[in-house]
Amino acid sequence: MNKVKYCIASVLFLMGAMVMAQEEGDVKTEREPGHYNQSRFKQLYEEFSTPNTYRSASGAPGPDYYQQQADYVINVQLDDKNAKIYGEETITYHNNSPDDLEFLWVQLDQNVRAKDSKSPLRDGNGVNIAYTAGNFAETFISEPFDGGFNIEWVKDVSGKPLSYTINQTMMRVNIPQPLKSGEKLSFSVKWWYNIPDHTVNRARSGYEYFEKDGNRAYVIAQFFPRMAVYSDVEGWQNHQFWGSGEFALPFGNYDVSITVPADHVLDGTGVLQNREEVFSKDMMKRYKEALKSYDKPVIIVTQQEAEAAEKGFATNTKTWKFKATNVRDYAFATSRKFIWDMQAVKIGGKDVMAVSLYPKEGNPLWEDLSTKAVAQTLKTYSEHTFDYPYHKAISVHAKNQGMEYPMICWNYGRPNEDGTYSDRVKYGMISVIIHEVGHNFFPMIVNSDERQWGWMDEGLDTFMQYLAEQAFGANNPSVIAPNEKYPSQRGNPAAIVPYMAGDQKYISPIMSNPENVYQLGPNAYAKPATALNILRETVMGKELFDHAFKTYAQRWMFKHPTPEDFFRTMEDASAVDLDWFWRAWFYTTDYVDIGVKGVKKYYVSSKPTKEMEKYMADRNITEADLPPLVYLAEEDSEDFMPELKGKSPTETSQNLKEFMMDNMTEAERSKVKEPKFFYEITFDKPGGVPMPLIVEYTYADGTKENVTYPPEIWRKNDAEVKRVISSQKELVGIVVDPKLETADIDTTNNSWPKKEEKSDFDKFKENIKGK
Ligand SMILES: [Zn+2]
């Protein structure tokens with residue numbers, strides 16, 4: 001026993017000495033300057049803020065975590081004839097923060113469409129290569145649309161005017177006394193504005209006008225002055241609404257009355273309070289059926305009824321009354337053109353209604369698929385996060401729209417006039433419905449700050465969208481054939497390659513404000529979604545990832561998380577150090593490119609290699625001074641002795657044979673493997689992102705072996721690493737990332753022997769010739 005230990009210790013010492021000798025040989029005559037810790041595996045202490053009592057180092061809310069609450073009583077009237085909306089609201093603002101507040105900030109998002117909006121003035125680009133006709137008309141031809149809020153007054157509870165200051169899309173309410181910590185304050189605002197045509201003005205809310213029947217379909221949001229968020233992270237989140245950075249909103253309870261023409265059909269956030277008043281008898285009867293229909297939607301307003309209503313133009317009105325608890329926003333859709341269907345979905349033992357509203361222009365697509373897509377979204381997202389807590393989720397058809405609010409969202413996907421539609425339109429519609437309904441989870445319930453971090457809602461939602469789309473495909477054989485997969489646009493690693501490989505001038509790190517990025521789609525949606533997919537499938541594995549992701553969702557449901565809360569929780573709940581992953585994928589624009597650079601073949605040699613001889617000569621020692629050694633000779637070197645090729649190590653090395661005789665029992669010796677082939681493989685990493693090194697080895701007999709080396713293999717050398725493998729069979733092929741699961745941007749260096757890989761252009765040329 002002692003002898004063995006001695007030998008191993010000596011050899012290790014010797015190996016260390018040899019490695020050092022090699023490194024000494026490499027020392028350049030000119031000394032390089034020192035450097036900071038540049039390891040891609042160092043912890044994110046410099047990027048992260050220090051945890052505190054509001055937010056714990058684990059990523060969970062801390063013991064002093066607080067959030068503000070804003071309750072609303074809102075009364076609005078729609079003027080359908082003139083496309084105007086009039087409103088009055090009372091906001092009760094609860095200051096749960098430890099700070100006294102000298103003023104309150106209210107968001108006036110519609111002012112982004114005011115005549116004097118500064119948003120269009122920020123554009124520093126020249127002439128576009130093309131304009132959409134609508135955009136051209138808006139920019140060059142039309143009178144600028146005046147869609148800003150007209151604030152008539154702001155008053156306190158006693159009806160006394162409160163002074164206020166409007167700075168573009170933000171309004172500071174100047175309260176006479178600071179609002180003390182723990183206290184609440186009510187005040188009222190009266191306003192109106194011109195509703196934009198969302199199909200022309202690219203607005204997130206507005207109406208579509210239907211020339212043929214003279215009707216409008218309204219999807220209305222950001223329609224009331226809304227409280228800004230005050231938090232431990234930002235203080236007041238009062239960054240202006242420029243158009244791209246979406247919303248930051250506190251939770252609260254809503255009591256909303258909406259007055260519209262009596263022949264309109266309407267649905268919105270919250271529980272309808274006066275259903276018997278606003279529903280016809282037929283609608284009531286069908287609604288009760290829908291509550292018990294779990295397998296298919298029940299039509300509440302038929303296409304025939306909607307088409308009849310299109311011709312009416314009622315002058316009397318109806319008021320629809322809703323109450324919503326613990327929501328961060330309010331939105332509604334209304335038109336006399338709407339067809340309405342709904343079905344029940346069981347979520348965690350509770351019934352949730354999946355609902356769709358669409359004009360006849362959406363059919364037959366919408367009647368067939370919208371509510372199905374809503375139901376699948378609620379199921380898949382609930383499985384991966386928490387049981388959907390609201391009582392309904394509504395998908396409203398609105399041309400070109402894809403926009404989300406609590407319990408309700410607007411979605412595109414319109415068939416041709418003859419009712420036909422392409423696969424692109426069909427899958428586009430299913431995908432956008434899943435995406436927008438999915439936003440109920442991120443950011444409507446896991447309420448991140450969209451104004452600052454677009455990826456926290458879009459990226460997480462797009463990641464979940466991928467899972468829900470695949471589940472939709474698997475559960476709907478009439479839409480996706482059983483042997484096919486749903487054609488998801490985002491989430492698949494290969495699909496992000498063109499973006500990651502693109503011009504670095506136009507790529508921003510994910511950790512950027514949405515206003516400052518060049519390509520918002522890939523930046524805030526596709527790249528984070530793909531990163532999370534890779535994290536789940538390839539880096540962490542589904543079990544560890546799913547538990548950690550669910551932990552994040554449950555820790556932060558009905559709260560305001562930051563990116564760090566997400567990053568920290570994913571590690572806290574999994575024991576996987578992911579700082580390197582967050583750094584590479586979220587804080588930099590680095591890409592993945594890993595390849596196999598070269599392979600050297602070795603055989604066991606009976607005598608010292610030339611390098612070893614030099615080592616001994618330099619130190620004036622002989623083999624007798626050292627513990628028994630075994631040597632590997634490279635095939636392409638002067639050490640190579642052809643007669644030893646393919647022999648087993650114990651046949652060749654007397655030292656090894658003696659060692660085994662002295663230190664191993666006969667039983668142990670009978671079990672040893674005798675590899676005949678030794679390889680030193682060099683893997684290189686031209687890309688900045690460290691990733692697991694996934695390798696498929698192929699042997700002469702056709703067998704394959706798959707090995708995944710952890711990403712930490714790159715921790716000491718970020719550019720190149722070597723692996724030594726031994727085998728009884730000859731190695732004939734190596735492929736890095738054989739299943740294309742890492743978003744490697746250049747696969748021409750992924751194979752040994754190097755494959756003749758044709759460029760896309762060459763393939764294209766061949767194709768042309770072939771035809
Ligand atoms: Zn989205």
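- Under the annotation held in an unreviewed UniProt entry, the chain carries the name M1 family peptidase and is attributed to Flagellimonas sediminis.

**Thoughts on the sheet that holds strand β10 (residues 226-227)**
Moving on, step 1. Within the open sheet, the four strands sit side by side as β5-β6-β3-β10. Their pairing is antiparallel. Each of the sheet's edge strands pairs with one partner strand only, and the pair in question is β5 (163-167) and β10.
Moving on, step 2. The pairing of β5 with strand β6 (residues 170-174) spans five bridges and is classified as antiparallel. Bridge pairing in β6 links Tyr164 to Val173.

**Structural notes on the pattern of salt bridges**
Moving on, step 1. Taken as a whole, this structure holds 37 salt bridges when the rule is applied.
Moving on, step 2. A salt bridge links Arg55 to Asp232; the nearest nitrogen and oxygen atoms lie 2.8 Å apart. Remark: Asp232 occurs in the loop between β11 (230-231) and β12 (235-236) and Arg55 occurs in the loop between α1 (2-26) and β1 (69-79); sequence separation between them is 177 residues.
Moving on, step 3. The exposure class assigned to Arg55 is buried, which follows from its relative accessible area of 9%.
Moving on, step 4. Here the salt bridges do not stand alone but share partners, grouping Asp213, Glu310, Lys337, Lys360 and Glu361 into one network.

**Structural notes on the UniProt feature "domain: Peptidase M1 membrane alanine aminopeptidase" (unreviewed entry) in the chain**
Moving on, step 1. According to UniProt, the "domain: Peptidase M1 membrane alanine aminopeptidase" (unreviewed entry) feature falls on residues 402-585.
Moving on, step 2. Secondary structure within residues 402-585 divides into 55% helix and 4% strand; the distance between the first and last C-alpha atoms comes to 26 Å.

**Here's the deal with the packing of helix α14 (residues 563-572) against helix α15 (residues 579-587)**
Packed helices, taken two at a time, are described by the angle between their axes plus the distance between the axes.
Moving on, step 1. As a packed pair, α14 and α15 sit with axes 11 Å apart at the nearest point and diverge in direction by 150 degrees. When the axes of α14 and α15 are compared, the crossing they make is right-handed. Contacts between α14 and α15 pair Phe566, Phe567, Met570 and Glu571 from the former with Asp579, Trp582, Phe586 and Tyr587 from the latter.

**Topic: the domain arrangement of the chain**
Moving on, step 1. Assigned domains of the chain: these are domain 1 (453-589) and domain 2 (591-770).
Moving on, step 2. Between the C-alpha centres of domain 1 and domain 2 the distance comes to 35 Å.
Moving on, step 3. In this complex, domain 1 contributes 15 residues to the contact, which on the side of domain 2 involves 15 residues.
Moving on, step 4. Carbon and sulfur atoms supply 74% of the area that domain 1 and domain 2 bury against each other, a total of about 1200 Å² over both sides.
Moving on, step 5. Sorting the residues of domain 1 by area buried against domain 2 places Met500, Thr538 and Trp580 first, and these three jointly supply 40% of that buried surface.
Moving on, step 6. Linking domain 1 with domain 2 are zero salt bridges.
Moving on, step 7. Counting the contacts that link domain 1 with domain 2 gives one residue pair in polar contact (both at pLDDT 80 or more).
Moving on, step 8. Among the elements of the structure, α11 (497-500), α12 (520-540) and α15 are those that each provide at least two residues to the side of domain 1 that touches domain 2.

**Digging into the coordination of the zinc ion**
Moving on, step 1. Protein ligation of the zinc ion involves His435 (NE2), His439 (NE2), Glu458 (OE) and Glu458 (OE), the donor distances falling in the range 1.9 to 2.7 Å.
Moving on, step 2. Ordering the donors of the zinc ion by residue number gives the pattern H-x3-H-x18-E. Each member of the pair, His435 as well as His439, is classed as buried.

**Some remarks on the pairing of strand β3 (residues 104-107)**
The two faces of a sheet get side chains in turn, since along a regular strand they alternate between them.
Moving on, step 1. Burial along β3 is two-sided: Leu104 and Val106 and Trp105 and Gln107, pointing in opposite directions, are all buried.
Moving on, step 2. The pairing of β3 with β6 spans four bridges and is antiparallel. What sits directly across from Leu104, in β6, is Val173.
Moving on, step 3. Alignment of β3 against β10, held across two bridges, turns out to be antiparallel. Residue pairing across strands places Val106 opposite Met227, the latter belonging to β10.

**A short note on the environment of Glu183**
Moving on, step 1. Looking at the secondary structure, you find Glu183 in the loop between β6 and β7 (184-194).
Moving on, step 2. Glu183 gets classed as partly exposed once you look at its relative accessible area, which sits at 41%.
Moving on, step 3. As a C-alpha pair, Glu183 and Ser97 span 86 residues in sequence and 9.5 Å in three-dimensional space.
Moving on, step 4. Among residues more than four places away in sequence, those in contact with Glu183 are Tyr93, His94 and Asn95.

**Description of unusual backbone geometry**
Moving on, step 1. The step from Asn363 to Pro364 runs through a cis peptide bond, and the omega angle for that step is 10 degrees.
Moving on, step 2. Cis rather than trans, the peptide bond between Phe442 and Pro443 has omega equal to 15 degrees.
Moving on, step 3. Within the element layout of this structure, Pro443 appears in helix α9 (residues 440-445).
Moving on, step 4. Positive phi values are uncommon outside glycine, yet Met407 reaches one of about 70 degrees.
Moving on, step 5. Counting through the fold element by element, Met407 comes out in the loop between β22 (402-405) and β23 (408-411).
Moving on, step 6. You will see that Asn620, though not glycine, has its phi angle at about 60 degrees, which is positive.
Moving on, step 7. Accessibility expressed as a relative area gives 72% for Asn620, which makes it exposed.

**Some words on a nonpolar patch on the surface**
Moving on, step 1. There is a patch of nonpolar side chains on the surface, built from Phe136, Phe140 and Ile141 and spanning about 330 Å² of accessible area.
Moving on, step 2. Here Phe136 shows up in helix α2 (residues 133-141).

**What to know about the environment of Lys292**
Moving on, step 1. Relative to the assigned elements, Lys292 resides in the loop between α5 (281-290) and β16 (298-301).
Moving on, step 2. On the basis of relative accessibility, which here comes to 66%, the residue Lys292 falls in the exposed class.
Moving on, step 3. Separated by 344 residues in the primary sequence, Lys292 and Asp636 have C-alpha atoms spaced 77 Å apart.

**Some points on a negative patch on the surface**
Moving on, step 1. Taken together, the side chains of Asp99, Asp100, Glu102 and Glu183 present a region of like negative charge at the surface.
Moving on, step 2. Owing to a relative accessible area of 39%, Asp100 belongs among the partly exposed residues under this scheme.

Definitions and limits used
Residues numbered from 1 in each chain as written. Predicted model: local features only at pLDDT ≥ 70, side-chain atom pairs only at ≥ 80, totals over all residues. Heavy atoms only, no water. Pairing = 2+ DSSP bridges. Helix = DSSP H or I, 4+ residues; strand = E, 2+ residues; numbered from the N terminus. Salt bridge = Lys/Arg side-chain N within 4 Å of Asp/Glu carboxyl O. Buried < 20%, exposed > 50% of the residue type's maximum accessible area, 1.4 Å probe, protein only. UniProt positions renumbered as here; feature names shortened; annotations may be inferred. Axes fitted to C-alpha atoms, helices over the stretch in contact; angles between N-to-C directions. Left-handed = near helix turned anticlockwise from the far one by under 90°. Contact = heavy atoms within 4.5 Å. Domains from an automatic or database assignment. Buried area = accessible area lost by both parts, 1.4 Å probe. Polar contact = N/O pair within 3.5 Å; in protein donor to acceptor, adjacent residues only side chain to side chain. Donors = N, O, S within 2.8 Å, 3.2 Å for Na, K, Ca; no water. Patch = residues over 30% accessible without salt bridge, like charges linked within 9 Å, V, L, I, M, F, W, Y side chains within 5 Å. Areas by Shrake-Rupley, 256 points an atom, 1.4 Å probe, with all protein chains shown as cover. Lys, Arg positive; Asp, Glu negative; His and termini not counted. Charge placed at Lys NZ, Arg CZ, Asp CG, Glu CD.

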